[in-house]
Amino acid sequence: MALRTILTDKDPALHKVCRPVTSFDGRLHDLLDDLKETLAAAHGAGLAAPQVGILRRCVVVVDANDEMLELVNPEIVWTSEEQQDGLEGCLSVPGMWGMVERPMRVRVRAQDRNGAFFEAEGEEIVARCFCHELDHLDGHVFTEHTDHLYTQDELDELLESGREPR
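What comes next is a walk through the structure. Numbering of residues starts from 1 in each chain and follows the order in which that chain's sequence is written. In keeping with the predicted nature of the model, local features appear solely for residues at pLDDT of at least 70, side-chain atom pairs appear and are counted solely at 80 or more, and the whole-chain, interface and lining totals rest on all residues. With hydrogens and water excluded, all non-hydrogen atoms of the structure serve as input to the side-chain values.

### Comments concerning the sheet that holds strand β3 (residues 68-79)
Pairing between sheet strands relies on hydrogen bonds along the backbone, with the strands arranged either parallel or antiparallel.
Okay, step 1: Two strands pair under a simple rule: DSSP has to find at least two bridges between them. Helix numbers and strand numbers start at the N terminus; a helix is a DSSP run of H or I with at least 4 residues, a strand a run of E with at least 2. One open sheet accounts for 5 strands, arranged β1-β2-β3-β6-β7; its pairing is antiparallel. Each end of this open sheet is capped by a strand with a single partner; those strands are β1 (46-48) and β7 (117-123). Adjacent strand axes in the sheet meet at a mean angle of 40° when their direction is disregarded.
Okay, step 2: Alignment of strand β2 (residues 58-62) against β3, held across 5 bridges, turns out to be antiparallel. Bridge assignment links valine 62 to a residue of β3, and that residue is methionine 68.
Okay, step 3: Any pair of residues with heavy atoms lying within 4.5 Å of one another is described as a contacting pair. Where helices are involved, their axes are fitted lines through C-alpha atoms of the stretch in contact, as for all axes, and angles between N-to-C directions lie from 0 to 180°. Across the sheet, helix α1 (residues 26-42) touches β1, β2 and β3, and the angle it forms with β2 is around 35°.
Okay, step 4: Sheet strands in contact with helix α2 (residues 125-137) are β1, β2, β3, β6 (105-111) and β7, and its direction is about 160° off that of β2.

Quick look at the structure:
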């Protein structure tokens, strides 16, 4: 396992559509292990392969049990109608936050590291992470979904004053 460098929003790789994973081999296993190690070191909630410069459709997301869930070739198969507006940040857009509307619940269908299909469902922060990380696989970053970006200082000031971010 190895820590990978997380690319920033300026890198063109973050704005490209990823290719499906077709080989469920040692290279994929190494990538998934590296994604998990890199995510743990960065203290994030999710990480997609393009964020470390690999244009393949795989992500890791921390689930409701604080376990890292590996999703290979994931797709959203169902979302609740109920929406939630919440703060989002991104390891590829360090120090910036924005309000983003996402479904309250999301179900994804994916493959595991050996190619077996499964479904996983998440609520609130996990649902937000599913949407956020799968957006990365299609070349999108959360900043496209928000009207205003806050620096950490601006966000701290807002929260201290008791006002809500918009």
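Okay, back to it.
### What to know about the environment of tryptophan 97
Okay, step 1: Within the fold, tryptophan 97 resides in strand β5 (residues 93-103).
Okay, step 2: Under the scheme applied here, a residue whose accessible area is under 20% of the maximum for its type counts as buried, over 50% as exposed, and between as partly exposed, the area being computed with a 1.4 Å probe on protein chains only. Here tryptophan 97 falls in the partly exposed class, since its relative accessible area comes to 28%.
Okay, step 3: Through-space distance from the C-alpha of tryptophan 97 to that of histidine 148 is 8.4 Å; in sequence the pair is 51 residues apart.
Okay, step 4: Contacts of tryptophan 97, omitting those with residues within four sequence positions, involve Leu87, Glu88, Gly89, Phe142, His148, Leu149, Tyr150, Thr151, Gln152 and Leu155.
Okay, step 5: For tryptophan 97, the side chain forms a polar contact with the side chain of glutamine 152, separated by 2.8 Å. Distance and chemistry together define a polar contact, namely a pair of N or O atoms within 3.5 Å, with one atom able to donate a hydrogen and the other to accept it when in protein, and with adjacent residues in sequence counting only for side-chain atoms on both sides.

### Section: α1
Okay, step 1: Here α1 contains 17 residues, and its C-alpha end-to-end distance of 24 Å stays within 8% of the 24 Å for a straight helix at 1.5 Å per residue.
Okay, step 2: Buried residues along α1 sit in contact with β1, β2 and β3.
Okay, step 3: Capping of α1 at its N-terminal end is provided by aspartate 25; its side-chain oxygen lies 3.2 Å from the backbone amide nitrogen of arginine 27.
Okay, step 4: Trailing α1 by a residue or two, histidine 43 shows a phi angle of about 60°, which is positive. One fewer than the residue count of a helix, multiplied by 1.5 Å, yields its expected span.

### Considering the pattern of salt bridges
Okay, step 1: Whenever a carboxyl oxygen of Asp or Glu lies within 4 Å of a side-chain nitrogen of Lys or Arg, that contact is scored as a salt bridge. Summed over all chains, the structure comprises 11 salt bridges.
Okay, step 2: Close ionic contact of aspartate 135 with arginine 102 constitutes a salt bridge, the shortest N to O distance being 3.1 Å. In this pair, aspartate 135 sits in helix α2 while arginine 102 sits in strand β5, placing the two residues 33 residues apart along the sequence. The pair formed by aspartate 135 and arginine 102 is uniform in burial state, with each residue classed as buried.

### Details of the nonpolar core
The nonpolar side chains of soluble globular proteins are, as a tendency, buried together.
Okay, step 1: Core analysis: the biggest nonpolar cluster contains 21 residues, and Val59, Val61, Leu71, Val106, Val108, Phe130 and Leu137 have the highest contact counts within it.
Okay, step 2: Of all the secondary structure elements, the ones that give two or more residues to this core are β2, β3, β6 and α2.
Okay, step 3: Ranked by residues supplied to this core, first place goes to α2 with 7 residues.
Okay, step 4: Among residues more than four places away in sequence, those in contact with leucine 71 are Arg57, Cys58, Val59, Val61, Val108, Ala110, Gln111, Phe118 and Phe130.
Okay, step 5: Put simply, a nonpolar core is a bunch of buried Ala, Val, Leu, Ile, Met, Phe, Trp, Tyr and Cys residues held in one set by side-chain atoms that sit within 4.5 Å of each other. Counting 13 residues, the second largest nonpolar core, distinct from the first, contains Leu28, Leu31, Leu47 and Val62.

### Observations regarding the sheet that holds strand β4 (residues 83-90)
Okay, step 1: Within the open sheet, the 3 strands sit side by side as β4-β5-β8. Their pairing is antiparallel. Here the strands that pair on one side only, and so sit at the sheet edges, are β4 and β8 (149-151). Taking each pair of neighbouring strands and ignoring which way they run, the sheet shows an average axis angle of 30°.
Okay, step 2: Relative to β8, β5 is paired through 3 bridges, and the arrangement is antiparallel.

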